[in-house]
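Each chain is listed here by its residues.
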Amino acid sequence: MACVISATSSNSGKTLLSLLLISWLKSIKKTVQTFKVGPDYLDPQQLSAVSKKACRNLDLILSGERWVKESFNHFGGLTDFALIEGVMGLFDGIGTTSKGSTAELAKVLSLPIVLIIDARGKAASLAALIKGFRDYDKELEIAGIVLNNVQSDRHQKILLEVLNQINIRSLGCIPRCEDLHLPSRDLGLAPVHEIQDLEKRVQKWASIAKDCLDIERV
């Protein structure tokens, strides 16, 4: 299995969702190769620490399409699962274009996209947001939606009704809780050595993934 984890914008929960999935896969003794779109070095620290395998960067601008394909096929082919964490929002590339974006990479590698959305303060407007992303590029396959920062059971019920109305698959709802907080700095996530009790947190993340995500569909 391989997929791309993307979002509508930065700070929506791409790394969090990636860590939850990796933690769950490790808990069932599966191997996973992680990748990061672009030249980022902070997020890959987190992915490497949890997966126990070096995260590989995939950058169409710096490395070109052929190298990206070869790297993904080589390293991804050595493990049970491969997971690519996107950069910024799905279509954000160079300047006002999608060149070098997560969307472009997903098309180059012909991979489905799991889109995570920060659900804070959203209800019916969620439909307009998702339909815009789904319909913007018909060549992309958005396989499902994960909702992050769901505030209550009632909030979750409303959000799932909205997804059902526009016929898009829910792959899970992640609640707001302290166990899911990732420390950050000005440039993004804090270095992995600043995460306290990482192994205990990985066990907790695996449990949360099992409880909050539709693991079988993912």
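Above this text sits the structure in question.
Residues numbered from 1 in each chain as written. Predicted model: local features only at pLDDT ≥ 70, side-chain atom pairs only at ≥ 80, totals over all residues. Heavy atoms only, no water.

A.B. asks: It is not clear to me how unusual backbone geometry should be interpreted in this structure. Could you clarify?
C.D. replies: Most peptide bonds are trans, and most residues other than glycine sit at a negative phi. In this model, N11 sits at a positive phi of 60°, which is unusual for a non-glycine residue. Structurally, the position occupied by N11 is in the loop between β1 (2-7) and α1 (14-27). When its relative accessible area of 72% is taken as the criterion, N11 is described as exposed. If you check the backbone angles, N149 has positive phi at about 60° while not being a glycine. Structurally, the position occupied by N149 is in strand β6 (residues 142-150). (Helix = DSSP H or I, 4+ residues; strand = E, 2+ residues; numbered from the N terminus. Buried < 20%, exposed > 50% of the residue type's maximum accessible area, 1.4 Å probe, protein only.)

A.B. asks: Help me out: how do you make sense of the packing of α1 against helix α2 (residues 42-51) in this one?
C.D. replies: Describing two packed helices takes the angle between their axes plus the distance from one axis to the other. Where α1 contacts α2, the axes come no closer than 9 Å and their chain directions differ by 10°. Comparing the axis directions of α1 and α2 gives the class roughly parallel. Seen from above, α1 lies across α2 with right-handed handedness. Residues T15, S18, L19, I22, S23 and K26 of α1 touch α2, and the partners they reach there are D43, Q46, L47, V50 and S51. Along the lines of polarity and charge, the residues of the contact of α1 with α2 split into four nonpolar, five polar and two charged. (Axes fitted to C-alpha atoms, helices over the stretch in contact; angles between N-to-C directions. Parallel < 35°, antiparallel > 145°, perpendicular 65-115°, else oblique. Left-handed = near helix turned anticlockwise from the far one by under 90°. Contact = heavy atoms within 4.5 Å. Nonpolar A, V, L, I, M, F, W, Y, C, P; charged D, E, K, R; others polar.)

A.B. asks: Can you walk me through helix α4 (residues 65-76) in this structure?
C.D. replies: Three or four residues apart is the spacing at which side chains of an α-helix point the same way, because the helix has 3.6 residues per turn. The end-to-end C-alpha distance of α4 is 16 Å, a good match for the 16 Å that twelve residues give at a rise of 1.5 Å each. On its buried face, α4 sits against β1, β2 (32-37), β3 (56-58), α3 (60-63), β4 (81-85) and α5 (102-109). (Expected span 1.5 Å × (residues − 1).)

A.B. asks: I'm lost on the layout of surface pockets in this one. Help?
C.D. replies: Vacant regions in the atomic arrangement are exposed by a probe of water-molecule size rolled over the atoms. A volume near 170 Å³ is recorded for the second largest pocket. What lines the second largest pocket is a set of 15 residues, and nearest its centre among them are G38, P39, I61, V87 and G100. Grouping the constituent residues of the lining of the second largest pocket by class yields nine nonpolar, three polar and three charged. (1 Å grid on protein atoms, 1.4 Å probe; cavity = no way out; pocket = protein on both sides within 12 Å on 5 of 7 lines; lining within 4 Å. Points joined across faces, edges and corners; volume = space filled by probe spheres on them.)

A.B. asks: Explain the side chain of D43 here, please?
C.D. replies: With respect to the helices, strands and loops of the structure, D43 is situated in helix α2. Residue D43 is classed as buried on the basis of its relative accessible area of 10%. A distance of 3.1 Å separates a polar atom in the side chain of D43 from a polar atom in the side chain of K36. (Polar contact = N/O pair within 3.5 Å; in protein donor to acceptor, adjacent residues only side chain to side chain.)

A.B. asks: In this structure, what is going on with the packing of helix α6 (residues 125-136) against helix α7 (residues 153-165)? I would like to understand it.
C.D. replies: In contact at an axis separation of 9 Å, α6 and α7 are set at 45° when each is read in the N-to-C sense. The angle between α6 and α7 falls in the class oblique. Taken as a pair, α6 and α7 cross one another with a handedness that is right-handed. Contacts from L126, A127 and I130 of α6 reach α7 at L159, V162 and L163. Grouping the constituent residues of the contact of α6 with α7 by class yields six nonpolar, no polar and no charged.

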